[in-house]
Amino acid sequence: MVRKMQLLRHLREAIVSEGLSVHYQPQFEMSTQRLIGFEALCRWQVASIGYISPAEFIPIAEENGLITALGAWVLEHAIAQMAQWRLQFGFDGVMAVNVSGTQLNMKGFGVHVEALLLRYEIPAHALEIEVTESSLMSRSSIALEELERMRALGVRLAIDDFGTGYSSLAHLHKMPVQTLKIDQSFVRSLPGDADACAIVESIVALAGAMKMSALAEGIETDAQLEFLKRCGCTKAQGYWFAKPLEPSACVAFLVR
Ligand code: C2E
Ligand code: MG
Ligand code: MG
């Protein structure tokens, strides 16, 4: 509790005083190992505490209403970065940004996204919103409206950590989803664990049958990569390829 209060106080300050940063993890096409995009991941370092994981501070931001400001900051940062890379390298890939259920449930989120795309002059298909199953399945009318508006713009939608929440399959096929992100917890157990293999094969098959693509997260080993390739997963992200990087370190991938 003491640490939580301490982090909350620092986080409030970090959001207003540019104390946060964004790292970008490259995403690849499995068959060709061609760079297809980046996932924007928020980073936070406090002089007196050190590095704090988003797995710790994002839930604190969500509980205390800071996620809206934090999320808006990350979104604008990532879009601005993408605009620069498009100009500088002619990069026509995708920027994936994590969006919390709270943001999606704010009336006007879609309009905000549209305004950012216009301001930074990037096409809607260059942006992918990553949401978790629970925020997508809440069936809140505001979230659905905002998703509909983004679909109309052409913004891509990915379901993050797929398989760990509670997706209604009946609901899923009505959603404008382009990508299912296979959670790291399944990928980690490949190819030794028969259950994980069956789950991953099923997600890949489901994605294919629904004309979505499957992106495997957290690939670390040759054996995991080989298994995923064999079962037809088309997109990949993980330390095997690259860790989340500072923008300057992404340049090597963009040049190549
Ligand atoms: P996520 O969106 O599922 O992001 C993937 C996480 O897996 C990242 O952790 C990434 O660094 C890590 N990862 C990627 N490849 C590997 C690998 O090969 N091995 C291992 N062990 N890990 C790998 P990170 O950056 O700590 O972020 C954790 C979570 O925090 C994210 O999970 C996301 O849910 C949340 N998050 C991060 N940034 C934001 C943000 O700007 N907004 C929101 N709402 N959530 C965010
Ligand atoms: Mg994500
Ligand atoms: Mg994930």
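Residues numbered from 1 in each chain as written. Chains lettered and ligands numbered in written order. Predicted model: local features only at pLDDT ≥ 70, side-chain atom pairs only at ≥ 80, totals over all residues. Heavy atoms only, no water.

**Student:** I'd like to hear about the packing of aromatic side chains, residue by residue, with values.
**Tutor:** Counted according to the given criterion, the structure contains 7 aromatic pairs. Above the face of the Tyr-239 ring, Lys-243 is positioned so that its terminal group lies 4.8 Å from the ring centre. If you follow Arg-256 out to its NZ or CZ, it ends over the ring of Phe-253, 5.0 Å from the centre. (Phe/Tyr/Trp six-rings, centres within 6.5 Å; stacked < 30°, edge-to-face > 60°. Lys NZ or Arg CZ within 6 Å of the ring centre and 35° of its normal.)

**Student:** Please set out the pattern of salt bridges residue by residue, giving values where relevant.
**Tutor:** Using the criterion set out here, one finds 13 salt bridges in the structure. A salt bridge links Arg-34 to Glu-29, with the shortest nitrogen-to-oxygen separation between them at 3.7 Å. Residues Arg-119 and Glu-76 are paired through a salt bridge, measuring 3.0 Å at the closest nitrogen-oxygen approach. Of this pair, Arg-119 sits in helix 5 (residues 109–119) while Glu-76 sits in helix 3 (residues 67–89), and the two are 43 residues apart along the sequence. On the basis of relative accessible area, Arg-119 is assigned to the exposed category, the value being 53%. Among the charged side chains, a network of salt bridges with common partners joins Glu-39, Glu-130, Lys-181 and Glu-217. (Salt bridge = Lys/Arg side-chain N within 4 Å of Asp/Glu carboxyl O. Helix = DSSP H or I, 4+ residues; strand = E, 2+ residues; numbered from the N terminus. Buried < 20%, exposed > 50% of the residue type's maximum accessible area, 1.4 Å probe, protein only.)

**Student:** Lay out helix 1 (residues 2–16) with the relevant residues and their values.
**Tutor:** The terminal C-alpha atoms of helix 1, which comprises 15 residues, lie 22 Å apart, in line with the 21 Å expected from a rise of 1.5 Å per residue. Taken as a whole, helix 1 has its buried residues at Leu-7, Leu-8, His-10, Leu-11, Ala-14 and Ile-15. Backbone geometry just downstream of helix 1 places Glu-18 in the positive-phi region, at approximately 60°. (Expected span 1.5 Å × (residues − 1).)

**Student:** Now, about the site of ligand 1: what can you tell me, with residues and values included?
**Tutor:** If you check the shell around ligand 1, you find 21 residues, and the closest are Arg-43, Asn-98, Asp-160, Glu-220 and Tyr-239. Take Asp-161: an N or O atom from its side chain is 3.1 Å from an oxygen atom of ligand 1. Alone, ligand 1 offers 800 Å² of accessible surface; in the complex the protein occludes 83% of this. With respect to the pocket detection grid, ligand 1 is positioned in the largest pocket. (Near = heavy atom within 4 Å. Polar contact = N/O pair within 3.5 Å; in protein donor to acceptor, adjacent residues only side chain to side chain. Areas by Shrake-Rupley, 256 points an atom, 1.4 Å probe, with all protein chains shown as cover. 1 Å grid on protein atoms, 1.4 Å probe; cavity = no way out; pocket = protein on both sides within 12 Å on 5 of 7 lines; lining within 4 Å. Sits in = over half its atoms within 2 Å of the grid points.)

**Student:** Tell me about the pairing of strand 4 (residues 94–98), and name the residues and values.
**Tutor:** Counting buried positions along strand 4 yields 4 of 5 residues, so the element is predominantly enclosed. By the bridge criterion, 4 bridges tie strand 2 (residues 35–46) to strand 4 in an arrangement that is parallel. Bridging from a neighbouring strand, Glu-39 pairs with Ala-96 of strand 4. Sheet topology note: the strand 4/strand 5 (residues 127–132) ladder contains 4 bridges and is parallel. (Pairing = 2+ DSSP bridges.)

These figures come from the coordinates and say nothing about function on their own.
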